[in-house]
Amino acid sequence: MAKGQGFGFGLGQLKEAFQKAKQVQEGAKKLQEELEQMEIQGQSSDGSVKVILSGNQEPRRVEVSPEAVAKGAEALSELVTEAMTDAYNKSTETMRTRMEELTSGLNLPGM
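Residues numbered from 1 in each chain as written. Predicted model: local features only at pLDDT ≥ 70, side-chain atom pairs only at ≥ 80, totals over all residues. Heavy atoms only, no water.

Draft legend 1. Region of interest: the overall build of the protein. Each helix and strand in the protein was counted, giving three helices and three strands. Mapped in sequence order, the helices and strands of the protein form the string α-β-β-β-α-α. Counting contacts in the protein only where the partners sit at least 6 residues apart, residues at least 24 apart contribute 51% of the total. Accessible surface computed for the protein: about 7,900 Å², of which carbon and sulfur atoms make up 55%. (Helix = DSSP H or I, 4+ residues; strand = E, 2+ residues; numbered from the N terminus. Contact = heavy atoms within 4.5 Å. Areas by Shrake-Rupley, 256 points an atom, 1.4 Å probe, with all protein chains shown as cover.)

Here it is, written out as structure tokens:
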């Protein structure tokens, strides 16, 4: 067996892979901290209900206008659901975008 060809890659490639893994791990930890501090707001189509999530999709608070309450329980429920869905979609997109930024340029398989 030729030197450095035991498993189809040399020690240099293995070292580089470990360095990339360490970069991703450190970046993921920093990203996790940033997401915990972030606030992402979703709102109903008429803006009368707002839902605020952390970047990790943890509920922070809900803001309901008097106008939304006046519409009755069924309508209010629909408005809250719209706002929750909007906040969730924005949060998911933010997480996806930030992970892509973290892993771009690392040439990781499957990313």
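Alright, that's what it looks like, and here's the rest.
Draft legend 2. Structural view of the side chain of S44. Note on placement: S44 falls in the loop between β1 (39-43) and β2 (49-54). A residue is classified by how much of its surface remains accessible, and S44, at 2% relative accessible area, is buried. Among the polar contacts made by the side chain of S44, one reaches the side chain of D46 at a distance of 2.8 Å. In contact with S44, other than residues within four places in its own chain, are V49, L79, E82 and A83. (Buried < 20%, exposed > 50% of the residue type's maximum accessible area, 1.4 Å probe, protein only. Polar contact = N/O pair within 3.5 Å; in protein donor to acceptor, adjacent residues only side chain to side chain.)

Draft legend 3. View of a nonpolar patch on the surface. On the surface, L11, L14 and F18 cluster together to form a nonpolar patch covering roughly 350 Å² of accessible area. Along the polypeptide, L14 turns up in helix α1 (residues 11-37). Judged by relative accessible area, L14 falls into the partly exposed class, the value being 31%. (Patch = residues over 30% accessible without salt bridge, like charges linked within 9 Å, V, L, I, M, F, W, Y side chains within 5 Å. Salt bridge = Lys/Arg side-chain N within 4 Å of Asp/Glu carboxyl O.)

Draft legend 4. Fine view of the pattern of salt bridges. Applying the stated rule across the entire model yields 10 salt bridges. The closest approach of N and O atoms between E34 and R98, which form a salt bridge, is 2.2 Å. With a gap of 64 residues between them, E34 in helix α1 and R98 in helix α3 (residues 73-103) connect regions that are remote in the sequence. The exposure class of R98 is partly exposed, given its relative accessible area of 24%. Two residues, D86 and K90, come together in a salt bridge whose shortest N-O distance is 3.2 Å. With D86 and K90 both in helix α3, this residue pair falls four residues apart, about one helical turn. Residue K90 is classed as partly exposed on the basis of its relative accessible area of 37%. Through salt bridges that share partners, E39, R60, R61 and E63 make up one connected network.

Distances and angles like these do not, on their own, reveal function.
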